[in-house]
Amino acid sequence: QVRLVESGGGLVQAGGSLRLSCAASGRTFSDYAMAWFRQAPGKEREFEAAISWSGGDTYYVDSVKGRFTISRDNAKNTVYLQMNSLKPEDTAVHYCAAARVPFRTGVVAADYGSWGQGTQVTVSS
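Points about unusual backbone geometry
And then number 1: Within the chain, asparagine 77 stands out as a residue other than glycine whose phi angle is a positive 55°.
And then number 2: Within the secondary structure, asparagine 77 is located in the loop between strand E7 (68-73) and strand E8 (78-83).
And then number 3: Asparagine 77 sits in the partly exposed class, given a relative accessible area of 26%.
And then number 4: Phi is positive for serine 85, close to 50°, though the residue is something other than glycine.
And then number 5: Structurally, serine 85 can be placed in the loop between E8 and strand E9 (92-99).

Next up, the structure:
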């Protein structure tokens, strides 16, 4: 069973930056794609970004392209989400997720079988 622990959320003003981290344990981290999803109040969970097992491929939802960067450090079993130029609409609980199968990167929630507890990001205007 994979355990994922997120950190780095908080309150920031519009235009500011935050870096989310997600530490993984329980299986071979470097074999699996990782992703970030978010869920705003009253809305469904949505895909933000994903990174392949090697880190060589990344995917983003259009609303965060050019502002967010997903990366991973396989030596530290950690995935990051650098969020710049934050907007009030980025306010949500942000979740880290690990892929169900190795060596395959997806962009929908069904592709991911392990989830963290989430970290709150609040962007004030």
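Don't stop here, the text continues.
Things to note about the pattern of salt bridges
And then number 1: Applying the stated criterion across every chain yields a total of 5 salt bridges.
And then number 2: Note that arginine 38 and glutamate 48 form a salt bridge whose closest N and O atoms lie 3.6 Å from each other. Residue arginine 38 is located in strand E4 (residues 34-39), and its partner glutamate 48 is located in strand E5 (residues 46-51); the two are separated by 10 residues in the primary sequence. Considered together, arginine 38 and glutamate 48 belong to a single accessibility category, that of buried residues.

Considering the sheet that holds strand E1 (residues 3-7)
And then number 1: Strand order in this open sheet of 4 strands is E1-E3-E8-E7, and the pairing throughout is antiparallel. Each end of this open sheet is capped by a strand with a single partner; those strands are E1 and E7. On average, each strand axis in the sheet is tilted by 15° relative to the strand beside it, whichever way the strands run.

Description of the pairing of E7
And then number 1: Because side chains alternate across E7, one face comprises the buried residues Phe68, Ile70 and Arg72, and the other comprises Thr69, Ser71 and Asp73, none of which is buried.
And then number 2: Two elements, E7 and E8, share 6 bridges in a ladder whose sense is antiparallel. Among the inter-strand pairings, threonine 69 is bridged to a residue of E8, identified as glutamine 82.
And then number 3: Counting the residues between successive antiparallel strands, the hairpin from E7 to E8 contains 4 residues, one of them, asparagine 77, with a positive phi of roughly 55°.

Things to note about the state of the cysteines
And then number 1: This structure, assessed with the given rule, holds 1 disulfide.
And then number 2: Here cysteine 22 connects covalently by a disulfide to cysteine 96, the sulfurs 2.1 Å from one another. Where cysteine 22 bonds to cysteine 96 through sulfur, the torsion about that S-S bond is close to -75°, and the disulfide is left-handed. Of this pair, cysteine 22 sits in strand E3 (residues 18-25) while cysteine 96 sits in strand E9, and the two are 74 residues apart along the sequence. With respect to burial, cysteine 22 and cysteine 96 carry one shared label: buried.

About the criteria used
Residues numbered from 1 in each chain as written. Predicted model: local features only at pLDDT ≥ 70, side-chain atom pairs only at ≥ 80, totals over all residues. Heavy atoms only, no water. Helix = DSSP H or I, 4+ residues; strand = E, 2+ residues; numbered from the N terminus. Buried < 20%, exposed > 50% of the residue type's maximum accessible area, 1.4 Å probe, protein only. Salt bridge = Lys/Arg side-chain N within 4 Å of Asp/Glu carboxyl O. Pairing = 2+ DSSP bridges. Axes fitted to C-alpha atoms, helices over the stretch in contact; angles between N-to-C directions. Disulfide = S-S within 2.5 Å.

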